[in-house]
Amino acid sequence: RTTTVHVHPAYQVGEVNRRIFGSFVEHMGRCVYTGIFEPNHPDADSRGFRRDVAALIKELGITVLRYPGGNFVSNHRWEDGVGPLEERPRNLDFAWRSVEPNTVGANEFLAWCRRMGIEPMLAVNLGTRGLNEAMEFLQYVNGDTDTRLPQLRRSHGWEDPWNVETWCLGNEMDGPWQMGHKTPDEYARTVTEVANAFHRFDDKLSLIACGSSSRSMPTFGRWERVVVDAAFDNIDMVSAHAYYEPIDDDVASFACCAEDMERYIRDVVATLDHVAAMHHSDRRLKISFDEWNVWYQSRFGGENAIGMEHAPHLIEDTYSVLDAMVVGSLLITLLRHTDRIGVACQAQLVNVIAPIRTEEGGRAWRQTIFHPFALMSRHARGVVLDTRCEGPAISTQRWGGAGQVWTVATWDAENHDLVVFLVNRDLHERARARIDLRAFGDCKVVECLALDDEDIAAVNTADQPNRVEPRNATCDITSGILTFDANPASWNCLRLK
Ligand code: AHR
């Protein structure tokens, strides 16, 4: 079964937006405590952050990090996470029914991001709190005047403003599970007020309004229209969230769930542009796809089963080869929309549905999904090229026909580096790709990597951390046509010069 892939340097979508390789740290489960931060770990640095985890995060190639939630943020009091440690209260987080000691707060996180060379993006609580607390938090974090909140930060030992540029105005406010859940009109009113005030403080801030928690939310589409219409002049992005797993054992549809993300992006872009038209504006708002991943929600016992402990083991999904292919296909989709995705964050970074897992006091390792992310972050440079495929389709119950092969290419003309990322979404059949590279002149293969396995359920564990790793594969170029055979459920990276 052969797919012909057309790729041409003139078919450019836009520059590779490096902020697509973002991630998310929430105070949830063991993402922060015993994830990135564990002062008693033998490999902790002087500030209590794990060096072994930091090394893996660097290898993963994260560019942006969203913090501190997630559902957590909608009942979070930022003041409790700043100032002298001994004065910080232990709180009960209602979102994840967990004990929050506030040992890590905004300053510790922002300082760690700076040391890691990662851009932070902060979320404010618009659930249990509102405009005033958001304005105070903004002044505490970014303020540089001789006034109460910047002074408070200085008194806590943080002299310079953090200058955080990107702010999420609430989290999943459309979801009935969210603390302080709102109707589209209620949220539109709140976000307009907050965005207006934030821009009064600094008109360079990049502001993200909540979109829908998934494409299947009952208010999807209307929510985006109402919110964007109200806040159009003061927001830059609208969020989108999507988690995928096989539903009713329909693994074929799961393998092709990038179809859903593709339609989701198109639907939101259409809505954003429709509202821009109503405003007689050429301004193009973008999507902040700030939560996406594979998440086996069916294995989650629900919030009420959580026992009000500190740092419980929550949704620590172990990912397979198939899951890695799906994650790779979702990243391909995000890259294909580089012109309209302002930022994207895989949820989450460590332990909680994450590419990195840790043991308390022990080892840290790469899950299968680590590999497509790390390699795409490393090699996607220059501009994104719009690849077109002609080939067989897989018939799926949820999305109808979906191409067996799903691809994107990036092209760094200066260095003559062409990279084709390609997944074979068929669970049983190999896919032959014939990639027409004649428009690039003389091309040689630099590297050809495949993430695949005879057992598509294979996983990495603490005892076998390298069971699933990218392997060197082979491909052939004859007269400008590259031929590559992709194994079932595989993610592949073809680098050419
Ligand atoms: O990432 C886990 C949770 O999923 C987040 O807290 C929430 O925003 C989403 O529903």
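Owing to the predicted nature of the structure, the values given are computational and were not obtained by experimental measurement.

### Section: the layout of surface pockets
Right, so step 1: The space that makes up the largest pocket amounts to roughly 690 Å³.
Right, so step 2: What lines the largest pocket is a set of 37 residues, and nearest its centre among them are Ser213, Ser214, Ala242, Tyr243 and Gln297.
Right, so step 3: At the level of elements, β10 (237–244), α7 (251–255) and α8 (258–278) are the ones that each hand at least two residues to the lining of the largest pocket.
Right, so step 4: If one sorts the elements of the lining of the largest pocket by residue count, β10 sits on top with four residues.
Right, so step 5: In the lining of the largest pocket, the residues fall into 18 nonpolar, ten polar and nine charged.
Right, so step 6: Looking at the lining of the second largest pocket, the elements that each hand over two or more residues are β16 (388–390) and β19 (405–412).
Right, so step 7: Of the residues belonging to the lining of the second largest pocket, the class tally is four nonpolar, six polar and five charged.

### As for the site of the ligand
Right, so step 1: Around the ligand, the structure places Phe24, Glu26, Gly70, Asn71, Trp96, Asn171, Glu172, Tyr243, Glu291, Trp295 and Gln348.
Right, so step 2: One of the backbone N or O atoms of asparagine 71 is found 2.9 Å from an oxygen atom in the ligand.
Right, so step 3: In isolation the ligand offers 280 Å² of accessible surface; the protein chains occlude 95% of this area.
Right, so step 4: In a pocket analysis with a 2 Å cut-off to the grid points, the ligand is assigned to the largest pocket.
Right, so step 5: Here the shell around the ligand is composed, by residue class, of four nonpolar, four polar and three charged.

### With respect to the nonpolar core
Right, so step 1: With 149 residues, the main nonpolar core has Ile57, Trp167, Leu169 and Phe289 as its most contacted residues.
Right, so step 2: Not counting residues within four places of it along the chain, the set of residues in contact with isoleucine 57 comprises Ile36, Ile62, Trp112, Met116, Ile118, Leu349, Val350 and Ile356.
Right, so step 3: By size, the runner-up hydrophobic cluster in this structure holds 24 residues, among which are Trp411, Ile435, Cys448 and Ala486.

### So, α8
Right, so step 1: Between its terminal C-alpha atoms α8 stretches 30 Å, which fits the 30 Å expected from 21 residues at 1.5 Å a residue.
Right, so step 2: Within two residues after α8, histidine 280 carries a phi angle of roughly 50°, on the positive side.

### Details of the environment of leucine 138
Right, so step 1: You can see leucine 138 is positioned in helix α3 (residues 131–142).
Right, so step 2: The spacing of leucine 138 and glycine 61 is 77 residues in sequence and 28 Å in space, taken between C-alpha atoms.

### Details of the sheet that holds strand β24 (residues 476–478)
Right, so step 1: Taken in spatial order, the five strands make up an open sheet running β16-β1-β21-β25-β24, and their pairing is mixed. Both outer strands of the open sheet, β16 and β24, are each paired with one neighbouring strand and no more. Direction aside, neighbouring strands of the sheet carry axes that sit 25° apart on average.
Right, so step 2: With five bridges connecting them, strand β1 (residues 2–6) and strand β21 (residues 431–436) associate as parallel partners. Following the sheet pairing, valine 5 is matched in β21 by isoleucine 435.

### Points about empty space enclosed by the protein
Right, so step 1: One pass over the structure, following the stated rule, counts three cavities of 30 Å³ or more.
Right, so step 2: Taken as a whole, the largest cavity spans an internal volume of roughly 140 Å³.
Right, so step 3: Of the residues assigned to the lining of the largest cavity, the class counts are ten nonpolar, four polar and two charged.
Right, so step 4: Volume-wise, the second largest cavity comes out at about 90 Å³.
Right, so step 5: Element by element, the count of residues in the lining of the second largest cavity is highest for strand β6 (residues 98–100), at three residues.
Right, so step 6: When the residues that make up the lining of the second largest cavity are grouped by side-chain class, the tally is seven nonpolar, four polar and three charged.

### Some details on the pattern of salt bridges
Right, so step 1: Counted according to the given criterion, the structure contains 39 salt bridges.
Right, so step 2: Where arginine 215 meets aspartate 260, a salt bridge forms, and the shortest distance between an N and an O atom there is 2.9 Å. Separated by 45 residues along the polypeptide, arginine 215 in the loop between β9 (206–212) and α6 (222–231) and aspartate 260 in helix α8 bring together distant segments of the chain.
Right, so step 3: Across the salt bridge formed by arginine 357 and glutamate 316, the nearest N and O atoms sit 3.9 Å from each other. Residue arginine 357 is located in strand β13 (residues 356–358), and its partner glutamate 316 is located in the loop between β11 (286–294) and α9 (321–336); the two are separated by 41 residues in the primary sequence.
Right, so step 4: Looking at arginine 357, the relative accessible area reads 11%, which means it is buried.
Right, so step 5: Here the salt bridges share partners, and the residues they tie into one network are Arg30, Glu316 and Arg357.

### Side note on a nonpolar patch on the surface
Right, so step 1: A surface patch of nonpolar side chains, amounting to about 300 Å² of accessible area, comprises Leu92, Phe94 and Met308.
Right, so step 2: Along the chain, leucine 92 falls in strand β5 (residues 91–93).

### Things to note about the confidence of the model for the chain
Right, so step 1: Per-chain confidence: the chain averages 97 in pLDDT, with 100% of residues scoring 70 or above.
Right, so step 2: As scored by the predictor, the complex reaches a pTM of 0.98 and an ipTM of 0.99.

### Topic: the pairing of strand β25 (residues 481–486)
Right, so step 1: Here β21 pairs with β25 via six bridges, running antiparallel. Each residue of the ladder has a partner; that of alanine 431, found in β25, is alanine 486.
Right, so step 2: Where β24 and β25 come together, three bridges link them in antiparallel fashion. In the sheet register, aspartate 476 faces β25, and the bridge partner there is threonine 483.
Right, so step 3: Linking two consecutive strands that pair antiparallel, namely β24 and β25, is a turn of two residues; a positive phi of about 50° is found at serine 479 within it.

### Structural notes on α6
Right, so step 1: Residues Trp223, Glu224, Val226, Val227, Val228 and Ala231 constitute the buried set of α6.
Right, so step 2: Against α5 (184–201), β9, β10 and α8 lie the buried residues of α6.

### Looking at the pairing of β1
Right, so step 1: Both β1 and β16 contribute to a ladder of three bridges, which runs antiparallel. Each bridged residue has a counterpart across the sheet, and for valine 5 the counterpart in β16 is cysteine 389.

Conventions and cut-offs
- Residues numbered from 1 in each chain as written.
- Predicted model: local features only at pLDDT ≥ 70, side-chain atom pairs only at ≥ 80, totals over all residues.
- Heavy atoms only, no water.
- 1 Å grid on protein atoms, 1.4 Å probe; cavity = no way out; pocket = protein on both sides within 12 Å on 5 of 7 lines; lining within 4 Å.
- Points joined across faces, edges and corners; volume = space filled by probe spheres on them.
- Helix = DSSP H or I, 4+ residues; strand = E, 2+ residues; numbered from the N terminus.
- Nonpolar A, V, L, I, M, F, W, Y, C, P; charged D, E, K, R; others polar.
- Near = heavy atom within 4 Å.
- Polar contact = N/O pair within 3.5 Å; in protein donor to acceptor, adjacent residues only side chain to side chain.
- Areas by Shrake-Rupley, 256 points an atom, 1.4 Å probe, with all protein chains shown as cover.
- Sits in = over half its atoms within 2 Å of the grid points.
- Core = buried A, V, L, I, M, F, W, Y, C linked by side-chain atoms within 4.5 Å.
- Buried < 20%, exposed > 50% of the residue type's maximum accessible area, 1.4 Å probe, protein only.
- Contact = heavy atoms within 4.5 Å.
- Expected span 1.5 Å × (residues − 1).
- Pairing = 2+ DSSP bridges.
- Axes fitted to C-alpha atoms, helices over the stretch in contact; angles between N-to-C directions.
- Salt bridge = Lys/Arg side-chain N within 4 Å of Asp/Glu carboxyl O.
- Patch = residues over 30% accessible without salt bridge, like charges linked within 9 Å, V, L, I, M, F, W, Y side chains within 5 Å.
- pLDDT = per-residue confidence, 0-100.

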